[in-house]
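Below are the chains, spelled out letter by letter.
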Amino acid sequence: HPNELYYRMLARPKPPGQRHWPDDHWPRVLAVYQWGRETSRPGGGSKSVADMWGVAVDPTAWRWLAEARKRRAATT
């Protein structure tokens, strides 16, 4: 799909020794999700998030998307 390499590069692993994801993780999740939807990637946005980070759609990608949206709403 268009620009897949770029979006794969956005999917950085959690830094070693950190218990929580850094703040820049959440906008990256939303960017990958939006790209997956806009390009009609198989499985859509949530599957794109799951694929890029190597996690399950249910519950991890969905939970990450909920958290990312909550954080975005808190800053607007």
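The notes below deal with the structure included here.

### Some remarks on helix α2 (residues 25-38)
- Compared with an ideal rise of 1.5 Å per residue, which puts 14 residues at 20 Å, α2 spans 20 Å between its outermost C-alpha atoms and is within 8% of the ideal.
- Residues of α2 that are buried: His25, Trp26, Arg28, Val29, Leu30, Val32, Tyr33, Trp35 and Gly36.
- Along its buried surface, α2 packs onto α1 (4-10), α3 (44-53) and α4 (57-75).
- Of the residues one or two after α2, Ser40 is the one with positive phi, at around 55 degrees.

### Some remarks on the pattern of salt bridges
- What the rule picks out here adds up to nine salt bridges.
- Across the salt bridge formed by Lys47 and Asp51, the nearest N and O atoms sit 2.7 Å from each other. With a gap of four residues between them, Lys47 and Asp51 both fall in helix α3, about one helical turn apart.
- Residue Lys47 is classed as partly exposed on the basis of its relative accessible area of 34%.
- Among the charged side chains, a network of salt bridges with common partners joins Glu4, Arg8, Arg41, Lys47 and Asp51.

The rules behind these values
- Residues numbered from 1 in each chain as written.
- Predicted model: local features only at pLDDT ≥ 70, side-chain atom pairs only at ≥ 80, totals over all residues.
- Heavy atoms only, no water.
- Helix = DSSP H or I, 4+ residues; strand = E, 2+ residues; numbered from the N terminus.
- Expected span 1.5 Å × (residues − 1).
- Buried < 20%, exposed > 50% of the residue type's maximum accessible area, 1.4 Å probe, protein only.
- Contact = heavy atoms within 4.5 Å.
- Salt bridge = Lys/Arg side-chain N within 4 Å of Asp/Glu carboxyl O.

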